[in-house]
Amino acid sequence: MSDLELLTQSLARNVKHWRSVRGFTLDVLAARAGVSRGMLIQIEQARTNPSIGTVVKIGDALGVSVTTLLDYERGPEVRVVPADQAVRLWHTEAGSYNRLLAGTEAPGPLEMWDWRLMPGERSPSDPHPVGTVELVHVTAGELTLTVDGVRHLVPTGASATFEASTSHTYANEGDEPMEMVMAVSVPPVR
């Protein structure tokens, strides 16, 4: 496959992805970008190689960079936030506080879950709809999070975020129970 074909397919996949994440219809994106609906359809079906000016307009309308729209090597993004990087936003002398553990954009429903996995257990998950994001915070033990075949260790006190539109597995490969809090943001149905 040529570089141009890779870029055309990457652009198609990434425009569809970000349009879904933002909850935009083709008509909404066309109006925001100043690009025809027909051009967007051709781009999303990888049937055209648009000018850089058109790609810039679409990126601006979606709020993402041209690099993000053309990136064909990027896999599912996983960001692990070490415990010492959680942001304390408020505290009192008596010891009360809150900490922002991890955050992400959430265009639709948001769920919060309490999880416990015993040693040696795992829970695989099929891909969720494009635009679904999961956030986890490990409160005990160590989570082995596998996203699209890549393992990430998330120790006690750390948090992770990832796009859940690819297969993923939660596992406890340790010898003590693993406990975590998980939030799931699902894109709205349009």
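Details of the structure are given in the entry above.
Residues numbered from 1 in each chain as written. Predicted model: local features only at pLDDT ≥ 70, side-chain atom pairs only at ≥ 80, totals over all residues. Heavy atoms only, no water.

**Some remarks on the overall build of the protein**
Which entries qualify depends on this criterion: Strands are runs of DSSP state E lasting at least two residues, helices are runs of H or I lasting at least four, and both sets are numbered from the N terminus onward. Partly exposed residues are those whose accessible area sits between 20% and 50% of the maximum for their type, while under 20% is buried and over 50% is exposed, using a 1.4 Å probe and protein chains only. When checking whether two residues touch, look at their non-hydrogen atoms; a contact exists if any pair is within 4.5 Å.
Check the secondary structure of the protein and you find five helices and 11 strands. By residue count, 38% of the 190 residues in the protein fall in the buried class. Pairs at least 24 apart in sequence give 70% of the contacts found in the protein among residues at least 6 apart.

**A few points about the pairing of strand 11 (residues 178-185)**
To keep things clear, this is the line we draw: Two strands form a pair only when DSSP identifies at least two bridges running between them.
Among the eight residues that make up strand 11, six are buried, leaving the element largely enclosed by the rest of the structure. Taken together, the eight bridges between strand 4 (residues 110-117) and strand 11 define a ladder with antiparallel strand orientation. Its bridge partner lying in strand 11, L110 is registered against S185. The sheet contact formed by strand 6 (residues 133-140) and strand 11 spans seven bridges and is antiparallel. Note that in strand 11 the partner of E134 across the bridge is V184.

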